[in-house]
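Below, each chain spelled out in residue letters.
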Amino acid sequence: MDYKIILASNSPRRKELLKGLDLDFEVRIIPDIDESHPENTPLENIPCYIARKKADAYRASMRKDELTITADTVVILDNEILEKPSGRENAIEMIKRLSGRKHRVVTAVVLTTAEKQKEFSVISTVEFAELTNEEIEYYVDKYQPFDKAGAYGIQEWIGYIGVKGIEGSFYNVMGLPIQRLYGELKHF
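Presented here is a report on the structure given in the accompanying data block. Quick caveat: nothing in here was measured; it's all calculated off a predicted structure.

Rules of the game
Residues numbered from 1 in each chain as written. Predicted model: local features only at pLDDT ≥ 70, side-chain atom pairs only at ≥ 80, totals over all residues. Heavy atoms only, no water. Core = buried A, V, L, I, M, F, W, Y, C linked by side-chain atoms within 4.5 Å. Buried < 20%, exposed > 50% of the residue type's maximum accessible area, 1.4 Å probe, protein only. Contact = heavy atoms within 4.5 Å. Patch = residues over 30% accessible without salt bridge, like charges linked within 9 Å, V, L, I, M, F, W, Y side chains within 5 Å. Areas by Shrake-Rupley, 256 points an atom, 1.4 Å probe, with all protein chains shown as cover. Salt bridge = Lys/Arg side-chain N within 4 Å of Asp/Glu carboxyl O. Helix = DSSP H or I, 4+ residues; strand = E, 2+ residues; numbered from the N terminus. Phe/Tyr/Trp six-rings, centres within 6.5 Å; stacked < 30°, edge-to-face > 60°. Lys NZ or Arg CZ within 6 Å of the ring centre and 35° of its normal.

### Topic: the nonpolar core
If you look at the biggest cluster of nonpolar residues, it comprises 40 residues, and the most contacted ones within it are Ile69, Tyr152 and Leu181. Each residue touching Ile69, except ones within four places of it in the same chain, is listed here: Ile5, Ile6, Leu7, Ala8, Leu18, Val109, Val110, Leu111 and Leu181. Membership of the second largest hydrophobic core comes to six residues, among which are Ile46, Ile50, Ile76 and Val106.

Okay, structure coming up:
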């Protein structure tokens, strides 16, 4: 690549996935970026809106030879976004709602250089098996998924025992549609 890649994310999952592409990159964080969005924004468009806001926050400090990757992921159930849980009880409640049902995971990625910007989003559908209260509480207490949209990490124990099926990208559900990102970087 002609650019030095900057991952604008503190997510350990995004770092791990980007490392899997064998690309050199640097993590750069600007704290407290406003992630609000207009109230009437369609749910599937919210990640693009927020990822673009994140990208715009980095633009002023970017050098000409840098390409910044920003991303945002949402979990959508019943036309509602399941944010990161506020604590144990909220996480348990979210997973109970996901149990035995399908939901959508939308991740948007924005690639930004000094000259141009490209954005895309990927939607995956995840189906959970029926989970017992004991399984849900075990997962929340052991893995404490408080930094994860929808209160779960598909790559963790809950994904092993609870995910019946996925339509779309597994890595998208982890937080970065890595195959699509690779293709976009090749053509950037």
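### Describing a nonpolar patch on the surface
Taken together, Ile166, Phe170 and Tyr171 make up a surface patch of nonpolar side chains, about 240 Å² in accessible area. As for its placement among the helices and strands, Tyr171 is situated in helix 6 (residues 170-174). Residue Tyr171 is classed as partly exposed on the basis of its relative accessible area, which comes to 40%.

### Concerning the packing of aromatic side chains
Tallying each qualifying case throughout the model produces five aromatic pairs. Relative to Tyr143, the ring of Tyr139 lies with its centre 5.3 Å away and its plane at 25 degrees, an arrangement referred to as stacked. Of this pair, Tyr139 and Tyr143 both sit in helix 4 (residues 133-143), separated by four residues, roughly a single helical turn. Taking the centre distance of 5.4 Å and the plane angle of 85 degrees together, the rings of Phe170 and Tyr171 count as edge-to-face. Taking the ring centre of Phe188 as reference, the NZ or CZ of Lys116 above it sits at 4.4 Å.

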